[in-house]
Amino acid sequence: MTTSRKPRIAVVKLASCDGCQLAFLGLGEKLLELASQVEIVHFAEAGPLGALTDLDITFIEGSVSTREDQDTVHSVRRQSRFLVTIGACATSGGIQALRNLSAGNLLSSVYPSPEYVDFLAHSTPVSSEVGVDLELWGCPVNGTQILTAIASLLFGAAPAAERDKVCLECKRRQIPCVMVAKGIPCLGPVTLTGCGALCPSFDRGCYGCYGPSENPETPSLARRFAGLGLLPDDIARRFLFVNSQAPAFLAEGRRWTKEDRHE
Ligand code: SF4
Ligand code: SF4
């Protein structure tokens, strides 16, 4: 930074569960250290509620689900030098974007008086509204991703993009493959790493929370899932989950969805 003032940082919430903000708070002492070097202007979960103006980095958690979310996104884009999405919701719509796939009227099955609920027709990632400088995947993100992003952006370096797949992390950590050893369906072969292969390290399959990797071979993996005994709708659900709006997962999920299979 060339200015003498401290870099101004904001954390903004749209439709979300607050998990990514908690990952921020989970930085603990590192967050206090960060707070001494930057000005945290707005971060509702942590306390500061300053005006969202003249910002160096704005982190956005959550998908665009309401008109208010839409207005917020456009306003902070105008006021921010760098705009960074944190987590599956802001980056690809998250769980709330599952309603985009529903043919029925979910509102009336959830709310007794849906006429009072003011939602947009679809829940979408921030990038569907404005340009985004950096996308941090994960559900939730982890603190290291956030600190690395801040350091890179403030010192003018391009943040290193994660490119490896979760499988590579299993190999590095010598975690036995849950799919090969135990027949557990795992999205690791088509998912970006960044989590340290957390789920396989606990004998669970990856559900893709860090989003699609580069060149994801989703058709081959889906056929492998079928070989493991998953029915077409189960396979569709594997891909149409927390990152259902990520194009590679959406396309594969649709291939296995009943209405789209043309049986
Ligand atoms: S457990 Fe999953 S992520 Fe790990 S090597 Fe096997 S398929 Fe890949
Ligand atoms: S293993 Fe998969 S689902 Fe589990 S934390 Fe990592 S990316 Fe997310």
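This one's a predicted model, so the numbers in the text were calculated from it and none came from an experiment.

S.K.: Which residues make up the site of ligand 1, and what values go with them?
M.R.: Surveying the vicinity of ligand 1 reveals the residues Val 166, Cys 167, Cys 170, Lys 171, Cys 177, Val 178, Met 179, Cys 186, Gly 188, Pro 189 and Pro 200. Those elements that place two or more of their residues in the shell around ligand 1 are helix H7 (166-173) and helix H8 (178-182). By residue number, the principal contributor to the shell around ligand 1 is H7, which donates 4 residues. For the shell around ligand 1, the class distribution of residues is 9 nonpolar, 1 polar and 1 charged.

S.K.: Explain H7 residue by residue, including any values.
M.R.: Along H7, the positions that sit buried rather than exposed are Val 166, Glu 169 and Cys 170. Angular distribution of buried residues about the axis of H7 spans 105°; they occupy a single face of the element. In this fold, the buried residues of H7 make contact with helix H9 (198-201). Of the residues one or two after H7, Gln 174 is the one with positive phi, at around 55°.

S.K.: I'd like a rundown of the nonpolar core, residues and numbers included.
M.R.: Membership of the largest hydrophobic core comes to 23 residues, with the highest contact counts inside it found for Phe 24, Ile 57, Phe 59, Leu 136, Ile 146 and Ile 150. It is helix H6 (residues 143-154) that provides the largest number of residues to this core, a total of 5 residues. Sequence-distant contacts of Ile 150, defined by excluding residues within four places in its chain, comprise Ile 9, Phe 24, Leu 34, Ile 57 and Phe 59. In terms of nonpolar packing, the next biggest core, distinct from the first, is built from 19 residues, Cys 170, Met 179, Ile 235 and Phe 239 among them.

Definitions and limits used
Residues numbered from 1 in each chain as written. Chains lettered and ligands numbered in written order. Predicted model: local features only at pLDDT ≥ 70, side-chain atom pairs only at ≥ 80, totals over all residues. Heavy atoms only, no water. Near = heavy atom within 4 Å. Helix = DSSP H or I, 4+ residues; strand = E, 2+ residues; numbered from the N terminus. Nonpolar A, V, L, I, M, F, W, Y, C, P; charged D, E, K, R; others polar. Buried < 20%, exposed > 50% of the residue type's maximum accessible area, 1.4 Å probe, protein only. Arc of directions from axis to C-beta. Contact = heavy atoms within 4.5 Å. Core = buried A, V, L, I, M, F, W, Y, C linked by side-chain atoms within 4.5 Å.

Any link to function would need more than the numbers given here.
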